[in-house]
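Residue-level structure breakdown
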Amino acid sequence: MRQRYTSDVLVIGTGGAGLRAAIELHDQGLKVLLVGKRPKADAHTVLAAGGINAALATVDPEDTWAIHAADTLQEGRMLGDPRMVELLCQQAPQVIAELEAWGMPFARTSTGLIDQRYFGAHRYRRTSFVGDYTGLEIINALMREVEHRQIPILERAYISDLLHTGNRVNGAYGFWLADQRQFVIESNAVILATGGHIHIYQRSSSRRRENTGDGMALGLQVGAHLADMELVQFHPSGMIFPHELAGTLVTEAVRGEGGRLYNRHGERFMQRYDAERMELSTRDRVALANYTEIMAGRGSEHGGVWLDISHMPANLIRERLPRMVEQFQAVGVDITREAMQIAPTAHYSMGGLKVDPFSHATNVAGLYAAGEVTAGVHGANRLGGNSLAEILVFGRIAAQHAAEYVRQHSEQPVQAAQIEQAAERLAWASQQAGDFHRSLIDQLQQVVWHGAGVVRNEQTIEASLDQLHTLRSQAQQRSLGAADLAASLDLQSMLLTAEATMLAALMRPESRGAHQRSDFPATDPLWQRTIVIKPYRDQTEQLRLQLDTELIPTASEAVQAAFSQQEYSVAGRLVE
Ligand SMILES: Cc1cc2nc3c(=O)[nH]c(=O)nc-3n(C[C@H](O)[C@H](O)[C@H](O)COP(=O)(O)OP(=O)(O)OC[C@H]3O[C@@H](n4cnc5c(N)ncnc54)[C@H](O)[C@@H]3O)c2cc1C
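Residues numbered from 1 in each chain as written. Predicted model: local features only at pLDDT ≥ 70, side-chain atom pairs only at ≥ 80, totals over all residues. Heavy atoms only, no water.

**Comments concerning the side chain of N386**
You can see N386 is positioned in helix α11 (residues 386-408). Of the residues examined, N386 reaches a relative accessible area of 0% and is grouped as buried. A distance of 3.1 Å separates polar atoms of two side chains, one belonging to N386 and the other to T72. Residues contacting N386, with those up to four places away along its chain left out, are N53, H68, T72, L88 and H378. (Helix = DSSP H or I, 4+ residues; strand = E, 2+ residues; numbered from the N terminus. Buried < 20%, exposed > 50% of the residue type's maximum accessible area, 1.4 Å probe, protein only. Polar contact = N/O pair within 3.5 Å; in protein donor to acceptor, adjacent residues only side chain to side chain. Contact = heavy atoms within 4.5 Å.)

Written as structure tokens, this is what we have:
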């Protein structure tokens, strides 16, 4: 017997975007249900370390929302949607105030104002923080509000399908991870807040079984469009050993607090890549610099470069970077005395579901999205600290518009045929499920790392597309191994989002930000366009992807004026 739930709006994902959306829906008087495949209060957002951006001007009084927007667009290599970026930067100070009111223990200046630190490529200090536990404290603050409102949460519950009639969603289907019992959720609107897809890469800053692109795949299955999938951010600094921890993030706050990069010759090599901004250059430039040093044989014995903060006072390092101190202590490295070995790691999905810039509605009626699962804000290079602001600003905005939609549209009850179809897909997936799917995931991650990694070209991408095709056929084979239904579904989402990433990477014949093509090393002004991916069904009902491009609108006059003040943002100064 399947369990059945009803809600006005279903929010899938209990990270920052999902929790913020649920609070808004509740406060608008709607019945809301939250679902997450991990334990509640332990979504990926808890990993966020360095901070959240808003032009508060508490430390640098010259800062404004327009300069924040100009930095975001210019450092995103003009591929971000200015309408979304402007909304984000205008509303970011409000979300900081809200978090403060909800008890967030922000670091303070000596005069009691909210402190702000530098993150790479920001003109001013505008990143508010709580040590290097900012994401965890945001989740704690939001969870207190969710619990206070008694908003129901289904935790460790996996959504396998969105239910839809025609071009309209009316619920979702899923199962409990503990015992695989299935459930149906009827809902007039759905918000996808399921995070990104960077787990398709062999080395990523994600935890296992997260960021498998589920929301993007769920959306594609019901006709939603994706955008910017080729734009995956590689963070310059991921751990490289021990093997189990490879990819784990070394926060940008290390460079923000004065960390320096060295190659095997003891050279501070950023001098050759961005002499003005040095280690505080943009993420794409620093990641490419690290990659180039390693590929040129100037790296460490473990295949990385050195990041050193040991010249700063030990007490300051312990106070500002407690998580990093602990993370390296656990592997026998004392960062107050010695350098860390690091290398680029896949970190953030700048692409995702294509949403309306003002409402965060997808092109499927009743389906909204917020957070890392969406495209639009970050262009070809995300500024550190912008994602935490984005999940809160757009979590609320998506909820406001979903609430309006629900008020204007009567419910569409879920039909028995819809349930049967979703149950059949799950039955098919469980027949395929086996331990070998985990090994196919490992293979997929290697294929994607080599095909569309820090530097890609036509040859690597095409070879990887062929290998993905082979992996897809293997995934269809019936397995006799022990059932791992979640692995089987993760693999399906990863195959689909990896294909979307490869196809878009192949289509963009230029290098721009995080998209570096060795066969097209220059930026082509004609490609200041968004690549949009539209799903369709072929004659055999197989899902296929079709690509198109769209022009990007121009920024408002206020933001253009901020551009002209300084064409590309100048170096952030190191924290004294
Ligand atoms: C190590 C690290 C440090 C970072 N530091 C910063 C920082 O300092 N500043 C900053 O701005 N950004 C930072 N980021 C990025 C930022 O943390 C994320 O982009 C952001 O938290 C994403 O939030 P979200 O709510 O969109 O998704 P997530 O927090 O990823 O939440 C997704 C939710 O969806 C659920 N879900 C997914 N699929 C399903 C499914 N099929 N069924 C049910 N539930 C599902 C998951 O269980 C989870 O609850 C960092 C990222 C990492 C990895």
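From this point, things continue past the structure.
**Let's talk about unusual backbone geometry**
Following F241, the chain continues into P242 via a peptide bond in cis, with omega recorded as 0°. Structurally, the position occupied by P242 is in the loop between β10 (232-239) and α6 (253-256). Even without being glycine, A57 reaches a positive phi, approximately 60°. The topology assignment puts A57 in the loop between β3 (52-53) and α2 (65-75). Of note, the phi angle at R77 is positive, near 55°, even though the residue is not glycine. Turning to its location among the elements, R77 is positioned in the loop between α2 and α3 (82-101).

**Some points on the sheet that holds strand β11 (residues 260-262)**
With antiparallel pairing, the four strands of this open sheet are ordered in space as β10-β13-β12-β11. Bordering the open sheet on either side are β10 and β11, each of which pairs with just one other strand. In this sheet, neighbouring strand axes are inclined to one another by 45° on average, regardless of whether the strands run parallel or antiparallel. When β11 meets strand β12 (residues 305-308), the two strands line up antiparallel, connected through three bridges. (Pairing = 2+ DSSP bridges. Axes fitted to C-alpha atoms, helices over the stretch in contact; angles between N-to-C directions.)

**With respect to the environment of V254**
If you trace the backbone, V254 turns up in helix α6. When residues no more than four places from it in sequence are discounted, the contact partners of V254 are G259, L307, I309, L321, M324 and M340.

**As for α11**
With 23 residues, α11 extends 33 Å from end C-alpha to end C-alpha; this agrees with the ideal 33 Å at 1.5 Å per step. Of all 23 residues making up α11, 18 are buried, and the element is well covered by its neighbours. (Expected span 1.5 Å × (residues − 1).)

**Looking at the pairing of strand β18 (residues 529-537)**
Two elements, strand β9 (residues 226-227) and β18, share two bridges in a ladder whose sense is antiparallel. Within β18, the position partnered with A227 by the bridge is V532. Sheet topology places β18 next to strand β19 (residues 543-551); nine bridges connect them, and they run antiparallel. Pairing of I533 across the sheet is with L547, part of β19. Counting the residues in the hairpin turn of β18 and β19 gives five residues, including E541, whose phi is positive at 70°.

**As for the nonpolar core**
Counting residues in each nonpolar core, the largest one holds 103 residues, and the members touching the most others are V9, L25, I52, L162, I191 and L367. Looking at this core, the element that brings in the most residues is α11, giving 13 residues. In this structure, L162 is in contact with I12, V169, G171, A172, V190, L192, L218, G219, V222 and L367, ignoring residues within four places of it in sequence. Counting residues in hydrophobic clusters, the runner-up holds 26 residues, among them V232, A452, M494 and A505. (Core = buried A, V, L, I, M, F, W, Y, C linked by side-chain atoms within 4.5 Å.)

**What about the side chain of E210?**
Its place among the elements puts E210 in the loop between β8 (182-192) and α5 (214-221). Within polar-contact distance, the side chain of E210 engages the side chain of R207 at 2.6 Å. Not counting residues up to four positions away in its chain, the partners in contact with E210 are R38, D42, A43, H44 and H199.

**Regarding the domain arrangement of the chain**
Where interface size is given, it is often the accessible area lost as the parts come together that is meant. By domain assignment, the chain separates into domain 1 (236-344) and domain 2 (416-532). Averaged C-alpha coordinates put domain 1 and domain 2 at centres separated by 30 Å. With four residues of domain 1 at the interface, the matching set in domain 2 holds six residues. Taken together, both faces of the contact between domain 1 and domain 2 bury some 430 Å²; the carbon and sulfur share is 78%. It is D284, L288 and Y291 that lose the most area in domain 1 upon contact with domain 2, and together they represent 78% of the buried surface on that side. For the pair domain 1 and domain 2, the number of links is zero salt bridges. Along the contact surface separating domain 1 from domain 2 lie zero residue pairs in polar contact (both at pLDDT 80 or more). Element by element, the count of residues in the side of domain 1 that touches domain 2 is highest for helix α8 (residues 283-295), at three residues. (Domains from an automatic or database assignment. Buried area = accessible area lost by both parts, 1.4 Å probe. Salt bridge = Lys/Arg side-chain N within 4 Å of Asp/Glu carboxyl O.)

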